[in-house]
Amino acid sequence: MKAKNCLIFGGSGQIGRNLIRKLTKNNYRVTVVTRNIHQKSYIIKTQANVGYIDIAEANIFDENKIRELFKKADICINLIGILFEKKSGDFKIIHTDLPDLLSQIAKKNKIQKFIHLSSLGIENALDSDYAKSKLEGEKKIKNNFEKFVILKPSIVYSVDDKFTTRFMTLLSRLPIMPLYYNGNTKFNPIHVSDLVDIILNTVENKNNNLVVECIGPEILTFKEIIEKILISIQKKRFLIPVPIQIASLTAKLLQLLPNPLLTEDQLKLLKYDNVSTGLYKTNFDFGFNTKKNFDEEINKYSYNWKIGGQFAIKDNIKK
Ligand SMILES: NC(=O)c1ccc[n+]([C@@H]2O[C@H](COP(=O)([O-])OP(=O)(O)OC[C@H]3O[C@@H](n4cnc5c(N)ncnc54)[C@H](OP(=O)(O)O)[C@@H]3O)[C@@H](O)[C@H]2O)c1
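Because the structure is a prediction, the values reported are computed rather than measured.

**Student:** Explanation requested: the overall build of the chain in the structure shown.
**Tutor:** Scanning the chain from terminus to terminus reveals eleven helices and 14 strands. Taking 2.2 N^0.38 as the reference for a compact globule, 319 residues should give roughly 20 Å; the C-alpha atoms of the chain span a radius of gyration of 20 Å, in line with that estimate. In terms of overall dimensions, the chain has C-alpha extents of about 55 × 45 × 40 Å along its principal axes. Here the chain holds 319 residues, and 50% of them are scored as buried. Sequence-distant contacts in the chain: of pairs separated by 6 or more residues, those separated by 24 or more amount to 78%. As presented, the chain carries roughly 16,000 Å² of accessible surface, and 53% of it is formed by carbon and sulfur atoms. A distance of 4 Å separates the average location of the 49 positive side-chain charges in the chain from that of its 33 negative side-chain charges.

So, in C-alpha coordinates, the structure goes:
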(Lines give C-alpha, C1' and ligand atoms only; values in the text may rest on other atoms or scores of the structure.)
Protein backbone atom coordinates (compact mmCIF):
# COMPACT_ATOMS: atom_id res chain seq x y z
CA MET A 1 0.00 0.00 0.00
CA LYS A 2 1.23 3.51 -0.83
CA ALA A 3 2.58 5.30 2.24
CA LYS A 4 0.45 8.36 2.75
CA ASN A 5 1.53 10.26 5.83
CA CYS A 6 4.92 11.93 5.88
CA LEU A 7 6.21 13.39 9.11
CA ILE A 8 8.74 16.12 8.29
CA PHE A 9 11.19 17.68 10.71
CA GLY A 10 12.79 20.93 9.50
CA GLY A 11 10.18 21.51 6.79
CA SER A 12 10.33 25.30 7.01
CA GLY A 13 13.83 25.41 5.47
CA GLN A 14 14.91 25.68 1.84
CA ILE A 15 14.66 21.97 1.04
CA GLY A 16 11.60 21.44 3.25
CA ARG A 17 9.47 24.11 1.57
CA ASN A 18 10.17 22.72 -1.88
CA LEU A 19 9.63 19.17 -0.65
CA ILE A 20 6.25 19.92 0.94
CA ARG A 21 5.03 21.29 -2.41
CA LYS A 22 6.31 18.25 -4.27
CA LEU A 23 4.89 15.68 -1.86
CA THR A 24 1.45 17.24 -1.46
CA LYS A 25 1.07 17.73 -5.23
CA ASN A 26 1.69 14.00 -5.47
CA ASN A 27 -1.10 13.28 -3.00
CA TYR A 28 0.95 12.72 0.13
CA ARG A 29 -0.26 14.18 3.40
CA VAL A 30 2.43 15.91 5.42
CA THR A 31 2.79 16.84 9.05
CA VAL A 32 5.48 19.45 9.49
CA VAL A 33 7.14 19.87 12.86
CA THR A 34 8.46 23.32 13.73
CA ARG A 35 9.86 24.92 16.86
CA ASN A 36 7.76 28.04 16.48
CA ILE A 37 4.37 27.86 14.84
CA HIS A 38 3.78 31.62 15.10
CA GLN A 39 6.98 32.48 13.31
CA LYS A 40 7.02 29.68 10.72
CA SER A 41 3.44 28.64 10.00
CA TYR A 42 2.89 31.23 7.26
CA ILE A 43 5.92 29.86 5.41
CA ILE A 44 4.87 26.26 5.88
CA LYS A 45 1.10 26.61 5.44
CA THR A 46 1.38 28.31 2.06
CA GLN A 47 3.31 25.41 0.52
CA ALA A 48 0.31 23.08 0.27
CA ASN A 49 -3.43 22.98 -0.21
CA VAL A 50 -5.68 22.80 2.82
CA GLY A 51 -6.26 19.24 3.86
CA TYR A 52 -2.82 18.08 2.78
CA ILE A 53 -0.80 19.72 5.52
CA ASP A 54 -0.75 19.79 9.31
CA ILE A 55 1.68 21.79 11.38
CA ALA A 56 2.84 20.68 14.81
CA GLU A 57 4.84 22.78 17.21
CA ALA A 58 7.37 20.82 19.23
CA ASN A 59 10.60 21.16 21.03
CA ILE A 60 12.76 18.65 19.16
CA PHE A 61 13.61 16.88 22.41
CA ASP A 62 10.08 16.66 23.74
CA GLU A 63 10.11 12.89 23.35
CA ASN A 64 6.50 12.37 24.38
CA LYS A 65 5.17 14.79 21.81
CA ILE A 66 7.39 13.37 19.07
CA ARG A 67 6.38 9.80 19.92
CA GLU A 68 2.75 10.91 19.61
CA LEU A 69 3.40 12.45 16.15
CA PHE A 70 5.02 9.24 14.92
CA LYS A 71 1.82 7.27 15.62
CA LYS A 72 0.19 8.56 12.44
CA ALA A 73 3.35 8.53 10.28
CA ASP A 74 4.21 6.08 7.50
CA ILE A 75 7.46 7.83 6.64
CA CYS A 76 9.63 10.30 8.54
CA ILE A 77 11.93 12.80 6.81
CA ASN A 78 14.52 14.64 8.89
CA LEU A 79 15.73 17.91 7.36
CA ILE A 80 16.93 19.62 10.51
CA GLY A 81 20.46 20.92 10.21
CA ILE A 82 22.62 23.89 11.20
CA LEU A 83 25.65 25.52 9.59
CA PHE A 84 27.15 27.03 12.72
CA GLU A 85 26.90 26.56 16.47
CA LYS A 86 25.39 29.18 18.74
CA LYS A 87 27.03 27.37 21.61
CA SER A 88 29.54 24.58 21.71
CA GLY A 89 27.84 21.19 21.42
CA ASP A 90 24.97 22.33 19.16
CA PHE A 91 26.30 20.32 16.20
CA LYS A 92 26.23 17.14 18.28
CA ILE A 93 22.72 17.82 19.56
CA ILE A 94 21.25 18.61 16.13
CA HIS A 95 23.23 16.32 13.82
CA THR A 96 23.89 13.32 16.08
CA ASP A 97 21.54 13.15 19.06
CA LEU A 98 18.38 14.17 17.17
CA PRO A 99 18.71 11.64 14.30
CA ASP A 100 19.62 9.06 16.94
CA LEU A 101 16.37 9.74 18.80
CA LEU A 102 14.19 9.96 15.68
CA SER A 103 15.51 6.73 14.19
CA GLN A 104 14.92 4.91 17.50
CA ILE A 105 11.33 6.13 17.61
CA ALA A 106 10.94 5.24 13.91
CA LYS A 107 11.99 1.68 14.70
CA LYS A 108 9.68 1.43 17.69
CA ASN A 109 6.73 2.60 15.58
CA LYS A 110 7.63 0.25 12.72
CA ILE A 111 7.30 3.01 10.14
CA GLN A 112 8.04 2.22 6.49
CA LYS A 113 11.10 4.43 6.08
CA PHE A 114 13.29 7.01 7.81
CA ILE A 115 14.83 9.46 5.34
CA HIS A 116 17.65 11.62 6.66
CA LEU A 117 19.47 14.49 4.97
CA SER A 118 23.18 14.46 5.74
CA SER A 119 25.96 16.12 3.73
CA LEU A 120 28.35 15.24 0.93
CA GLY A 121 32.11 15.03 1.27
CA ILE A 122 32.31 14.94 5.06
CA GLU A 123 34.15 11.63 5.34
CA ASN A 124 37.60 13.19 5.09
CA ALA A 125 36.84 16.45 6.88
CA LEU A 126 37.38 15.05 10.32
CA ASP A 127 38.89 18.25 11.69
CA SER A 128 35.47 19.88 11.27
CA ASP A 129 32.94 19.54 14.10
CA TYR A 130 30.10 19.91 11.55
CA ALA A 131 31.41 16.96 9.52
CA LYS A 132 32.09 14.79 12.57
CA SER A 133 28.61 15.38 14.00
CA LYS A 134 26.90 14.60 10.67
CA LEU A 135 28.92 11.40 10.24
CA GLU A 136 28.19 10.31 13.79
CA GLY A 137 24.47 10.93 13.12
CA GLU A 138 24.65 8.66 10.05
CA LYS A 139 26.25 5.90 12.15
CA LYS A 140 23.55 6.14 14.84
CA ILE A 141 20.78 5.83 12.24
CA LYS A 142 22.42 2.82 10.59
CA ASN A 143 22.69 1.11 13.99
CA ASN A 144 19.16 1.94 15.10
CA PHE A 145 16.87 1.18 12.17
CA GLU A 146 17.42 -0.86 9.03
CA LYS A 147 14.74 0.97 7.05
CA PHE A 148 16.78 4.11 6.50
CA VAL A 149 17.79 6.14 3.49
CA ILE A 150 20.54 8.70 4.03
CA LEU A 151 20.81 11.34 1.30
CA LYS A 152 24.03 13.35 1.08
CA PRO A 153 23.66 16.44 -1.11
CA SER A 154 26.37 18.80 -2.26
CA ILE A 155 25.42 22.50 -2.15
CA VAL A 156 21.69 22.87 -2.86
CA TYR A 157 20.85 26.05 -4.77
CA SER A 158 17.65 27.83 -5.78
CA VAL A 159 16.00 31.22 -5.59
CA ASP A 160 15.26 30.55 -1.92
CA ASP A 161 18.71 29.30 -0.88
CA LYS A 162 21.20 30.80 1.57
CA PHE A 163 24.11 30.30 -0.80
CA THR A 164 23.84 31.80 -4.30
CA THR A 165 21.46 34.52 -3.12
CA ARG A 166 23.79 35.45 -0.27
CA PHE A 167 26.75 35.71 -2.63
CA MET A 168 24.66 37.76 -5.07
CA THR A 169 24.01 40.24 -2.28
CA LEU A 170 27.62 40.26 -1.07
CA LEU A 171 29.05 40.61 -4.57
CA SER A 172 26.66 43.47 -5.27
CA ARG A 173 27.91 45.35 -2.23
CA LEU A 174 31.59 44.49 -1.78
CA PRO A 175 34.31 45.76 -4.14
CA ILE A 176 36.41 42.61 -3.61
CA MET A 177 35.72 38.97 -2.89
CA PRO A 178 38.18 36.95 -0.80
CA LEU A 179 39.01 33.46 -2.06
CA TYR A 180 39.95 30.87 0.54
CA TYR A 181 42.29 28.06 -0.56
CA ASN A 182 42.64 30.04 -3.84
CA GLY A 183 38.99 29.26 -4.60
CA ASN A 184 40.02 25.75 -5.68
CA THR A 185 37.56 23.76 -3.53
CA LYS A 186 35.30 21.73 -5.83
CA PHE A 187 31.51 21.45 -5.53
CA ASN A 188 28.83 19.43 -7.29
CA PRO A 189 25.89 21.86 -6.89
CA ILE A 190 22.42 20.37 -7.19
CA HIS A 191 19.26 22.37 -7.87
CA VAL A 192 16.64 22.03 -5.13
CA SER A 193 14.01 20.77 -7.59
CA ASP A 194 16.32 17.91 -8.61
CA LEU A 195 16.93 17.08 -4.96
CA VAL A 196 13.23 17.02 -4.06
CA ASP A 197 12.61 14.76 -7.07
CA ILE A 198 15.17 12.38 -5.58
CA ILE A 199 13.47 12.58 -2.17
CA LEU A 200 10.03 11.94 -3.75
CA ASN A 201 11.47 8.91 -5.52
CA THR A 202 12.92 7.70 -2.23
CA VAL A 203 9.50 8.07 -0.60
CA GLU A 204 7.83 6.15 -3.42
CA ASN A 205 10.15 3.21 -3.88
CA LYS A 206 10.75 0.33 -1.51
CA ASN A 207 14.54 0.60 -1.32
CA ASN A 208 15.88 0.88 2.21
CA ASN A 209 19.21 0.55 3.94
CA LEU A 210 20.77 2.95 1.48
CA VAL A 211 23.15 5.89 1.39
CA VAL A 212 23.03 8.06 -1.73
CA GLU A 213 25.22 11.00 -2.69
CA CYS A 214 23.04 13.63 -4.36
CA ILE A 215 24.89 15.61 -6.99
CA GLY A 216 24.23 17.90 -9.90
CA PRO A 217 25.67 17.47 -13.41
CA GLU A 218 28.64 19.87 -13.07
CA ILE A 219 31.75 20.03 -10.91
CA LEU A 220 32.62 23.67 -10.23
CA THR A 221 35.32 25.23 -8.10
CA PHE A 222 34.38 27.92 -5.62
CA LYS A 223 36.08 30.47 -7.88
CA GLU A 224 34.08 29.29 -10.90
CA ILE A 225 30.84 29.58 -8.92
CA ILE A 226 31.68 33.15 -7.93
CA GLU A 227 32.66 34.01 -11.52
CA LYS A 228 29.38 32.59 -12.83
CA ILE A 229 27.40 34.56 -10.26
CA LEU A 230 29.28 37.74 -11.22
CA ILE A 231 28.46 37.24 -14.90
CA SER A 232 24.85 36.53 -14.03
CA ILE A 233 24.42 39.69 -11.92
CA GLN A 234 26.47 41.71 -14.44
CA LYS A 235 29.13 42.87 -12.01
CA LYS A 236 32.94 42.92 -12.07
CA ARG A 237 34.79 42.32 -8.81
CA PHE A 238 38.38 41.60 -7.79
CA LEU A 239 38.71 38.02 -6.58
CA ILE A 240 41.57 38.00 -4.12
CA PRO A 241 43.19 34.83 -2.72
CA VAL A 242 43.55 35.24 1.03
CA PRO A 243 46.32 33.47 3.01
CA ILE A 244 44.89 30.96 5.45
CA GLN A 245 46.22 32.82 8.52
CA ILE A 246 44.26 35.93 7.55
CA ALA A 247 41.22 33.81 6.67
CA SER A 248 41.34 32.18 10.13
CA LEU A 249 41.56 35.54 11.82
CA THR A 250 38.61 36.85 9.77
CA ALA A 251 36.58 33.74 10.62
CA LYS A 252 37.41 34.17 14.34
CA LEU A 253 35.92 37.67 14.23
CA LEU A 254 32.99 36.92 11.90
CA GLN A 255 31.81 33.99 13.98
CA LEU A 256 31.04 36.39 16.81
CA LEU A 257 28.13 37.73 14.73
CA PRO A 258 24.65 36.25 15.28
CA ASN A 259 24.42 34.99 11.68
CA PRO A 260 28.08 34.67 10.64
CA LEU A 261 29.22 34.69 7.01
CA LEU A 262 32.12 32.44 7.89
CA THR A 263 33.19 30.44 10.93
CA GLU A 264 36.46 28.67 11.75
CA ASP A 265 34.70 25.33 11.36
CA GLN A 266 33.37 26.27 7.90
CA LEU A 267 36.87 27.32 6.90
CA LYS A 268 38.13 23.85 7.86
CA LEU A 269 35.33 22.27 5.82
CA LEU A 270 36.22 24.40 2.78
CA LYS A 271 39.59 22.65 2.60
CA TYR A 272 37.88 19.51 1.33
CA ASP A 273 36.23 19.02 -2.05
CA ASN A 274 32.47 18.66 -1.86
CA VAL A 275 32.10 16.14 -4.68
CA SER A 276 31.15 12.50 -5.02
CA THR A 277 33.53 10.42 -2.88
CA GLY A 278 33.15 7.05 -4.61
CA LEU A 279 32.19 5.52 -1.23
CA TYR A 280 28.48 5.41 -2.04
CA LYS A 281 26.24 5.32 -5.09
CA THR A 282 25.08 8.63 -6.49
CA ASN A 283 21.70 9.57 -7.93
CA PHE A 284 23.23 8.92 -11.40
CA ASP A 285 23.68 5.24 -10.46
CA PHE A 286 19.92 5.07 -9.86
CA GLY A 287 19.08 6.64 -13.23
CA PHE A 288 18.48 10.06 -11.73
CA ASN A 289 20.50 12.11 -14.19
CA THR A 290 20.20 15.61 -12.79
CA LYS A 291 20.40 17.99 -15.72
CA LYS A 292 19.75 21.44 -14.27
CA ASN A 293 22.60 23.68 -15.37
CA PHE A 294 23.99 26.15 -12.81
CA ASP A 295 24.25 29.15 -15.20
CA GLU A 296 20.77 28.68 -16.61
CA GLU A 297 19.13 28.27 -13.22
CA ILE A 298 20.80 31.22 -11.47
CA ASN A 299 19.97 33.42 -14.49
CA LYS A 300 16.29 32.81 -13.72
CA TYR A 301 16.53 34.77 -10.46
CA SER A 302 19.74 36.81 -10.57
CA TYR A 303 17.86 39.75 -12.13
CA ASN A 304 16.89 40.69 -8.57
CA TRP A 305 20.51 41.77 -8.11
CA LYS A 306 21.04 43.42 -11.52
CA ILE A 307 20.87 47.13 -12.10
CA GLY A 308 17.61 47.51 -14.02
CA GLY A 309 16.21 44.29 -12.58
CA GLN A 310 14.47 42.03 -15.07
CA PHE A 311 14.71 44.75 -17.69
CA ALA A 312 18.51 44.99 -17.37
CA ILE A 313 20.28 45.30 -20.69
CA LYS A 314 21.99 42.04 -21.64
CA ASP A 315 25.80 42.02 -21.33
CA ASN A 316 25.76 45.34 -19.52
CA ILE A 317 28.55 44.65 -17.02
CA LYS A 318 28.84 47.30 -14.30
CA LYS A 319 31.67 47.85 -11.86
N1 LIG B 1 20.91 23.52 1.73
C2 LIG B 1 22.07 22.95 1.43
O3 LIG B 1 22.86 23.45 0.61
C4 LIG B 1 22.44 21.62 2.07
C5 LIG B 1 23.59 20.96 1.62
C6 LIG B 1 23.94 19.76 2.22
C7 LIG B 1 23.16 19.22 3.24
N8 LIG B 1 22.05 19.88 3.65
C9 LIG B 1 21.26 19.31 4.76
O10 LIG B 1 19.90 19.18 4.36
C11 LIG B 1 19.06 19.44 5.49
C12 LIG B 1 18.04 20.53 5.12
O13 LIG B 1 18.74 21.67 4.64
P14 LIG B 1 18.06 23.14 4.55
O15 LIG B 1 19.04 24.00 3.84
O16 LIG B 1 16.68 23.01 4.05
O17 LIG B 1 18.06 23.50 6.09
P18 LIG B 1 17.72 24.92 6.79
O19 LIG B 1 16.86 25.70 5.92
O20 LIG B 1 19.00 25.55 7.23
O21 LIG B 1 17.02 24.42 8.14
C22 LIG B 1 16.00 23.45 8.17
C23 LIG B 1 15.16 23.62 9.40
O24 LIG B 1 15.82 23.12 10.55
C25 LIG B 1 15.19 23.68 11.69
N26 LIG B 1 16.24 24.10 12.64
C27 LIG B 1 17.25 24.96 12.41
N28 LIG B 1 17.98 25.12 13.52
C29 LIG B 1 17.42 24.35 14.47
C30 LIG B 1 17.70 24.10 15.84
N31 LIG B 1 18.72 24.70 16.45
N32 LIG B 1 16.88 23.27 16.52
C33 LIG B 1 15.85 22.68 15.89
N34 LIG B 1 15.51 22.87 14.62
C35 LIG B 1 16.29 23.70 13.91
C36 LIG B 1 14.40 24.91 11.23
O37 LIG B 1 13.00 24.61 11.34
P38 LIG B 1 12.01 25.43 12.36
O39 LIG B 1 12.57 26.79 12.53
O40 LIG B 1 10.72 25.40 11.63
O41 LIG B 1 11.99 24.63 13.62
C42 LIG B 1 14.82 25.05 9.78
O43 LIG B 1 13.84 25.55 8.95
C44 LIG B 1 19.98 19.84 6.65
O45 LIG B 1 20.23 18.73 7.45
C46 LIG B 1 21.26 20.26 5.95
O47 LIG B 1 22.41 20.04 6.76
C48 LIG B 1 21.66 21.08 3.09
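**Student:** Help me understand unusual backbone geometry in this model?
**Tutor:** Peptide bonds are trans in most cases, and residues, glycine excluded, mostly fall at negative phi. In the Ramachandran plot, Lys-110 falls in the positive-phi region, its phi being about 50 degrees despite a non-glycine side chain. Its location among the elements puts Lys-110 in the loop between helix 4 (90-108) and strand 5 (113-117). Residue classification places Lys-110 among the exposed positions, given a relative accessible area of 72%. The backbone phi angle of Asn-182 is positive, close to 60 degrees, even though this residue is not glycine. With respect to the element layout, Asn-182 can be found in the loop between strand 8 (176-180) and strand 9 (186-187). Looking at Asn-182, the relative accessible area reads 45%, which means it is partly exposed.

**Student:** In this structure, what is going on with the site of the ligand? I would like to understand it.
**Tutor:** As a structural note, the neighbourhood of the ligand is formed by 24 residues, with Ser-12, Thr-34, Lys-40, Lys-134 and Lys-162 the closest of them. Between an oxygen atom of the ligand and a main-chain N or O atom of Gly-13, the distance comes to 3.2 Å. In isolation the ligand has 890 Å² of accessible area, and contact with the protein removes 84% of it. Here the residues of the shell around the ligand sort into eleven nonpolar, nine polar and four charged.

**Student:** I tried to follow the packing of aromatic side chains on my own but got confused; where do I start?
**Tutor:** We describe a pair of aromatic rings using the distance from one ring centre to the other and the angle between the two ring planes. What the rule picks out here adds up to five aromatic pairs. Measuring from ring centre to ring centre gives 5.5 Å for Phe-163 and Phe-167, while their planes differ by 85 degrees; the resulting arrangement is edge-to-face. On the basis of relative accessible area, Phe-167 is assigned to the buried category, the value being 15%. Chaining the aromatic ring pairs together yields one cluster made of Phe-163, Phe-167 and Phe-222. Above the ring of Tyr-28, the side-chain terminus of Lys-4 is found at 5.7 Å from the ring centroid.

**Student:** Honestly, the packing of helix 1 (residues 14-25) against helix 7 (residues 192-204) in this entry has me stumped. Any pointers?
**Tutor:** Between two packed helices, both the angle of their axes relative to each other and the distance between the axes serve to describe the pair. It is the contact of helix 1 with helix 7, at a shortest axis distance of 9 Å, that shows an interaxial angle of 55 degrees. If you check the angle between helix 1 and helix 7, you find them oblique. Between helix 1 and helix 7 lies a crossing whose hand is right-handed. Counted together, Gln-14, Ile-15, Asn-18, Leu-19, Lys-22 and Leu-23 of helix 1 and Val-192, Leu-195, Val-196, Asp-197, Ile-199, Leu-200 and Val-203 of helix 7 form the full contact between these two elements.

**Student:** Teacher, can you tell me more about the pattern of salt bridges here?
**Tutor:** Side chains that differ in charge, positive against negative, can pair when their charged atoms come close. All chains considered together, the criterion is met by 16 salt bridges. For Arg-29, the salt bridge goes to Asp-54, with nearest N and O atoms at 2.9 Å. Separated by 25 residues along the polypeptide, Arg-29 in strand 2 (residues 29-34) and Asp-54 in strand 3 (residues 53-57) bring together distant segments of the chain. The partner of Asp-90 in a salt bridge is Lys-87, and the shortest N-O contact between them spans 3.2 Å. With relative accessibility at 11%, the residue Asp-90 sits in the buried group.

**Student:** So what exactly am I meant to see when it comes to the sheet that holds strand 4 (residues 75-78) here?
**Tutor:** The strand order 3-2-1-4-5-6-11-14 describes an open sheet built from eight strands, whose pairing is parallel. Two strands lie at the open edges of the sheet, namely strand 3 and strand 14 (281-282), each paired on one side alone. Where strand 2 meets strand 3, five bridges bridge the pair, whose relative direction is parallel. Its bridge partner being in strand 3, Thr-34 is matched across the sheet by Glu-57. Running over the sheet, helix 2 (residues 37-45) touches strand 2 and strand 3 and is turned about 165 degrees from strand 3.

**Student:** Looking at this model, I keep getting lost on the side chain of Lys-134. Mind explaining?
**Tutor:** Locating Lys-134 in the fold gives a position in helix 5 (residues 129-144). Those residues within four positions of Lys-134 in sequence are excluded, and the remaining contacts are His-95, Leu-117, Ser-118, Ser-119 and Ile-122.

**Student:** What is the right way to read helix 7 from this model?
**Tutor:** Because each turn of an α-helix spans 3.6 residues, side chains separated by three or four positions end up pointing in the same direction. Helix length check: helix 7, at 13 residues, gives a terminal C-alpha distance of 18 Å against a target of 18 Å (1.5 Å per residue), a fit within 8%. Inspection of helix 7 places Val-192, Asp-194, Leu-195, Val-196, Ile-198, Ile-199, Leu-200, Thr-202 and Val-203 among the buried residues, and these make up the whole buried set.

**Student:** Would you mind going over the environment of Cys-214 with me for this structure?
**Tutor:** The residue Cys-214 is located in strand 11 (residues 210-214) in this model. Along the sequence, Cys-214 and Pro-153 sit 61 residues apart, while their C-alpha atoms lie 4.3 Å from each other. In this view, Cys-214 contacts Leu-151, Lys-152, Pro-153, Ser-154, Ile-190, Leu-195, Ile-198 and Asn-283; residues no more than four positions away in its chain are not counted.

Calculation criteria
Residues numbered from 1 in each chain as written. Predicted model: local features only at pLDDT ≥ 70, side-chain atom pairs only at ≥ 80, totals over all residues. Heavy atoms only, no water. Helix = DSSP H or I, 4+ residues; strand = E, 2+ residues; numbered from the N terminus. Rg over C-alpha atoms; globule rule 2.2 N^0.38 Å. Buried < 20%, exposed > 50% of the residue type's maximum accessible area, 1.4 Å probe, protein only. Contact = heavy atoms within 4.5 Å. Areas by Shrake-Rupley, 256 points an atom, 1.4 Å probe, with all protein chains shown as cover. Lys, Arg positive; Asp, Glu negative; His and termini not counted. Charge placed at Lys NZ, Arg CZ, Asp CG, Glu CD. Near = heavy atom within 4 Å. Polar contact = N/O pair within 3.5 Å; in protein donor to acceptor, adjacent residues only side chain to side chain. Nonpolar A, V, L, I, M, F, W, Y, C, P; charged D, E, K, R; others polar. Phe/Tyr/Trp six-rings, centres within 6.5 Å; stacked < 30°, edge-to-face > 60°. Lys NZ or Arg CZ within 6 Å of the ring centre and 35° of its normal. Axes fitted to C-alpha atoms, helices over the stretch in contact; angles between N-to-C directions. Parallel < 35°, antiparallel > 145°, perpendicular 65-115°, else oblique. Left-handed = near helix turned anticlockwise from the far one by under 90°. Salt bridge = Lys/Arg side-chain N within 4 Å of Asp/Glu carboxyl O. Pairing = 2+ DSSP bridges. Expected span 1.5 Å × (residues − 1).

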